[in-house]
Amino acid sequence: MEKMLVGCFLLLLGQILLLPAEARQRPRSRSISRGRHSRTHPQTALLESSCENKRADLVFIIDSSRSVNTHDYAKVKEFILDILQFLDIGPDITRVGLLQYGSTVKNEFSLKTFKRKSEVERAVKRMRHLSTGTMTGLAIQYALNIAFSEAEGARPLRENVPRVIMIVTDGRPQDSVAEVAAKARDTGILIFAIGVGQVDLNTLKAIGSEPHEDHVFLVANFSQMESLTSVFQNKLCMAHMCSLLEHNCAHFCINTPGSYVCRCKQGYILNADQTTCRIQDLCAAEDHGCEQLCVNLLGSFVCQCYSGYSLAEDGKRCVAVDYCASENHGCEHECVNADGSYSCRCPKGFSLNPDKKTCTKIDYCASPNHGCQHECVNTDDSYSCRCLKGFTLNPDQKTCRRINYCALKKPGCEHECVNTEEGYYCRCHRGYTLDPNGKTCSRVDHCAEQDHGCEQLCLNTETSFVCQCSEGFLINEDLKTCSRADYCLLSDHGCEYSCVNTDRSFACQCPEGHALRGDGKTCAKLDACALGDHGCEHSCVSSGDSFVCQCFEGYLLRADGKTCRRKDVCQAVDHGCEHVCVNSGESYICKCSEGFRLAEDGKRCRRCSEGPIDLVFVIDGSKSLGEDNFEIVKQFVTGIIDSLVISPKAARVGLLQYSTQVRTEFTLRNFSSAKDMKKAVAHMKYMGKGSMTGLALKHMFERSFTQAEGARPLSARVPRVAIVFTDGRAQDDVAEWASKAKDNGITMYAVGVGKAIEEELQEIASKPTDKHLFYAEDFSTMGEISEKLKKGICEALEDSDGSQDSPAGELPKRGHQPTESEPVTINIQDLLSCSNFAVQHRYLFEEDSLSRSAQKLFHSTKSSGSPLEDKPDECKCENLIMFQTLANEEVRKLTQRLEEMTQRMEALENRLRYR
């Protein structure tokens, strides 16, 4: 390194010695030749700039607020002129622009305005102080949008010309700077932030580029700014001889080809030694003509006046100032003269803004302590509380209560009184209509109101009517006329001897000495099994003068020839189970592997995501979420939809968005395909207001899972699932409606992100919470939550499928699950009280095995712990039809079993007969 420095020094010395004497003496001779009042531009003294051929677009942003006094403002201009000394300015090299800002932004000159350094310097010297506010963010925004546009002289980004901002400020900005400065940096602009005096360092760091130690500078006063000149020379230009040699220049060292020259700061003159500098005092050297004060500027001077005086138009004389009489005092309301200045004052109910000139009406409602439950309304001196429509203010003048018009006016409605926002109206129960007086109700007699056309009997239902026939008659295909039933003629009775009609069916009969076999059709001669105590555990089969014991299907005969033991039904029959067959008493059930659920036929298996399920999303659209994160939530919803099979018979999906209100984006019945549903999610608009989570849960519970909005009835046993997403604290209570939803069979998943409250999530989520509550610190882990949710929904579908453990071919047991319009299980004795039904269908309730089976299947579950408060109308049409349908199904199954048993017994008789 020492050898390199010695070599550089020798090279420099050689260059100096080789220069002609005239060239070596040129700097000194120019200094001597200048007149007293002349100031030579630094560029004329340089053989070549130290930023030679340096391409850059540089914009100065200068704080010209009232806190910068005249002397300090001159220092700023001096600093800019010092920076210009080492820049190589030209249209194809370095372009320079300058902005001043106070309460507004003033464009002194743009990047395209000047082509020579001397023109830029003259423009800097002519600048005038704005003396207004400090809108730093506004100035950076102007530079980003306008100053660096191609129209204002900035070179296109494709040319890769560096874009640089050098901003000087002495106070706290009156607007936001962090966001706009970040935008500027993101576009590739390099920002140097220079703070003077009591400037917040964090504000400077928010403005300047990183690393901050290279781009953020803080000095104690404007006089110390000169210490930064060499710093910026090193940062903006390549270092040459001035950085390698000990030049001894008092102010600036300017590189020249193979050497250097010393230059002085603006307002200084180079001494005869061409190294040191002396101050150029133009006020002392010239007949300035100022009446009161003369203030030196960089290369010039200005006249100023004492406090209480202002400079006249000639720029020399001083006149007394009436600050409030001046049109430029800027007070919005009232101006008050003070010693040497003035102050602004606001009227009652207003406060003075930080600019000390304009006024803002005091917003008493902005305080979080106003306590108004609904709305806060500003008055001249204070505020008052106001309630929403349909509510009235409580005596505390802050909280509100809903107006109960039904209780207040006692309208005398016979059935129900319904409150509205502005009043009330009377409503009747289903099957009734409101009388003209608007209060009483009358049952709707559809049979009397319409030309029903029934040949024999007309039966009213809640919404219409059905035709029925008298005993011994059957309804025809037109569902209106009736025909007498000849069951022996109408059916293939299959009786071996004779068929006898009964009131509602037929029966086979055998001749004397014979008995009807178990199939109810063929006859057998009375045998030992019928006459003796055979002792067979299951069944006895006659064999000549003796008998043999046989076991039912699924059992084997033990060695004693009488008792039976169970056999493996799954091995004995062609069960048809797709995955697993499990023995269950005399029958079997089919089961599926993990991740699958049993199909409706009780044999095949399908993946759990194939539904059916009724799923409702409850999505937080509050302003704390933000539009970018709201798009992530929409992607999260789309991912869950993609995991399901969307169709009316499989998965139905609805979606609510809430903030201060609740908006139904789509219901469970709106879409029958995933494509349309995802399109609706993509077009969903962000609400961006408050966070009324409890209101959203109330809406979901009361409306989203109703049949009117597409939910299947509870009797369909379709799982009901809600996924609630939130990123912050609710502004209302969530516990009440979350509890009601869970108590009514809705599985609740709670998904929280960021500032979501764990206690609220636990109140929302179903038990156990480790399977129904998910939380993430930010939105980066939403994908993991999505996968866990899909697995949880799949498990819920498996657990809720009632047919999963039901024997193949048997009806699943029906629990007590009353809902909006679902018929309740019917007690047979109640049905007997229905006049028409009991007369026509008496055969269903005879005391035989069929009647007992039907009673066991359909008897009301009064011991379930959830008795209905109001006894249902068993004579309703839908209840009677449901009962008759299920009873007929049970008769069909019992008949089928009897036929199968008879066939097995006949086969056994044939084998014994031919032994």
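The coordinates are above.
Residues numbered from 1 in each chain as written. Predicted model: local features only at pLDDT ≥ 70, side-chain atom pairs only at ≥ 80, totals over all residues. Heavy atoms only, no water.

A. Layout of the overall build of the protein chain. Tallying secondary structure elements over the protein chain gives 27 helices and 48 strands in all. Of all intrachain contacts in the protein chain linking residues separated by at least 6 positions in sequence, the fraction that spans at least 24 positions is 56%. (Helix = DSSP H or I, 4+ residues; strand = E, 2+ residues; numbered from the N terminus. Contact = heavy atoms within 4.5 Å.)

B. Examining the pairing of strand 5 (residues 189-196) more closely. The buried fraction of strand 5 is high, at seven of eight residues. The sheet contact formed by strand 4 (residues 163-169) and strand 5 spans seven bridges and is parallel. Bridge pairing in strand 5 places methionine 166 opposite phenylalanine 192. Handedness of the strand 4-helix 6 (residues 178-186)-strand 5 crossover: right-handed. Two elements, strand 5 and strand 6 (residues 216-219), share four bridges in a ladder whose sense is parallel. Each bridged residue has a counterpart across the sheet, and for valine 196 the counterpart in strand 6 is valine 219. (Buried < 20%, exposed > 50% of the residue type's maximum accessible area, 1.4 Å probe, protein only. Pairing = 2+ DSSP bridges. Right-handed = clockwise from strand over helix to strand, strands pointing away.)

C. Fine view of the state of the cysteines. By the definition in use, this model includes 24 disulfides. Disulfide pairing places cysteine 283 opposite cysteine 294 at an S-S distance of 1.9 Å. The S-S bond linking cysteine 283 to cysteine 294 shows a torsion near -80°; that makes this disulfide left-handed. Taken together, the positions of cysteine 283 in helix 11 (residues 282-285) and cysteine 294 in strand 11 (residues 293-297) put the pair 11 residues apart, joining distant regions of the chain. The partner cysteine of cysteine 469 in its disulfide is cysteine 482, sulfur to sulfur 1.9 Å. One disulfide, between cysteine 469 and cysteine 482, carries an S-S torsion of -90° and so falls in the left-handed class. Of this pair, cysteine 469 sits in the loop between strand 28 (465-468) and strand 29 (473-475) while cysteine 482 sits in strand 30 (residues 482-484), placing them 13 residues apart in sequence. In this structure, cysteine 469 and cysteine 482 share a single accessibility class: buried. (Disulfide = S-S within 2.5 Å.)

D. Local environment of the sheet that holds strand 6. If you walk across this open sheet you meet the six strands as 3-2-1-4-5-6, and the pairing is mixed. Either end of the sheet is taken by a strand with one partner, and the two such strands are strand 3 (105-109) and strand 6. Each strand of the sheet is rotated relative to its neighbour by a mean of 20°, with strand direction disregarded. Helix-sheet contacts for helix 3 (residues 70-85) involve strand 1 (56-63), strand 2 (94-101), strand 4 and strand 5, and the interaxial angle to strand 1 is about 170°. (Axes fitted to C-alpha atoms, helices over the stretch in contact; angles between N-to-C directions.)

E. Representation of the environment of glycine 639 in the model. Within the secondary structure, glycine 639 is located in helix 17 (residues 627-642). For glycine 639, a relative accessible area of 19% translates into the label buried. It is 9.3 Å that separates the C-alpha atoms of glycine 639 and lysine 678, two residues lying 39 residues apart in sequence.

F. Representation of helix 5 (residues 136-147). Among all positions in helix 5, only Thr136, Gly137, Ala139, Ile140, Ala143, Leu144 and Ala147 are buried. Looking down the long axis of helix 5, one finds its buried residues gathered within 165° of arc, a one-sided arrangement. (Arc of directions from axis to C-beta.)

G. Spatial organisation of the nonpolar core. Phe60, Leu84, Leu87, Met166 and Phe232 are the most contacted members of the largest nonpolar core, which totals 37 residues. Secondary-structure elements contributing two or more residues to this core are strand 1, helix 3, strand 2, helix 4 (117-125), strand 4, strand 5, strand 6 and helix 9 (229-236). Top element by residues in this core is helix 3. It accounts for seven residues. (Core = buried A, V, L, I, M, F, W, Y, C linked by side-chain atoms within 4.5 Å.)

H. Summary view of a nonpolar patch on the surface. Side chains of Leu293, Tyr306 and Tyr309 sit close together on the surface and give an oily, nonpolar patch of about 290 Å² of accessible area. Topologically, tyrosine 306 is positioned in the loop between strand 12 (300-304) and strand 13 (309-311). The partly exposed category is assigned to tyrosine 306, whose relative accessible area is 46%. (Patch = residues over 30% accessible without salt bridge, like charges linked within 9 Å, V, L, I, M, F, W, Y side chains within 5 Å. Areas by Shrake-Rupley, 256 points an atom, 1.4 Å probe, with all protein chains shown as cover. Salt bridge = Lys/Arg side-chain N within 4 Å of Asp/Glu carboxyl O.)

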